[in-house]
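In case you want the letters, here they are:
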Amino acid sequence: MASFVRQLNMYGFRKVVNIEQGGLVSVVKSEETKMRQEDLSRLLYEIQVLRNQQEMMECQVQDVKQQNEVLWKEVLCLRQNHLQHQKVINKVMRGLRLMEHQ
């Protein structure tokens, strides 16, 4: 029984002597209000934490987009270089074939 009472006290329940005078109702209402304020404060804090995390994620996504754009530009440049090198190699190969047939 004592552990049950300790648990009730831990959750904000208190002994009320006179129920007929509305003591129980006022105690319950004040405890509910206190819990609601604590819950509201906790929720507001958690919302702020989530907003901060969201902002960080948005920054990371923006960074990844920029890196992706840079990489695609680099791929385009490398493709162009590859085509130019392929043309040079083809010319050299034609020249070698011509020299071979002479």
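Residues numbered from 1 in each chain as written. Predicted model: local features only at pLDDT ≥ 70, side-chain atom pairs only at ≥ 80, totals over all residues. Heavy atoms only, no water.

## Focus: the overall build of the protein
Per the secondary structure count, the protein includes 2 helices and 0 strands. Within the protein, buried positions represent 2% of all 102 residues. Just so you have it, the protein exposes about 10,000 Å², and 60% of that area is on carbon and sulfur atoms. (Helix = DSSP H or I, 4+ residues; strand = E, 2+ residues; numbered from the N terminus. Buried < 20%, exposed > 50% of the residue type's maximum accessible area, 1.4 Å probe, protein only. Areas by Shrake-Rupley, 256 points an atom, 1.4 Å probe, with all protein chains shown as cover.)

## Quick look at a nonpolar patch on the surface
Taken together, Val88, Ile89, Val92, Met93, Leu96 and Met99 make up a surface patch of nonpolar side chains, about 570 Å² in accessible area. In this structure, Met99 sits in helix α2 (residues 23–101). (Patch = residues over 30% accessible without salt bridge, like charges linked within 9 Å, V, L, I, M, F, W, Y side chains within 5 Å. Salt bridge = Lys/Arg side-chain N within 4 Å of Asp/Glu carboxyl O.)

## Details of a positive patch on the surface
Among the surface-exposed residues, Lys87, Lys91, Arg94 and Arg97 lie close enough to one another that they form a single positively charged patch. Since its relative accessible area comes to 46%, Arg97 is described here as partly exposed. (Lys, Arg positive; Asp, Glu negative; His and termini not counted. Charge placed at Lys NZ, Arg CZ, Asp CG, Glu CD.)

## Comments concerning the pattern of salt bridges
One pass over the full model with this rule turns up 2 salt bridges. Ionic pairing is found between Lys73 and Glu69, a salt bridge with its closest N-O pair at 3.5 Å. With Lys73 and Glu69 both in helix α2 and 4 residues apart, the pair spans about one turn of that helix. Taking the relative accessible area as the measure of exposure, Glu69 reaches 48% and is therefore partly exposed.

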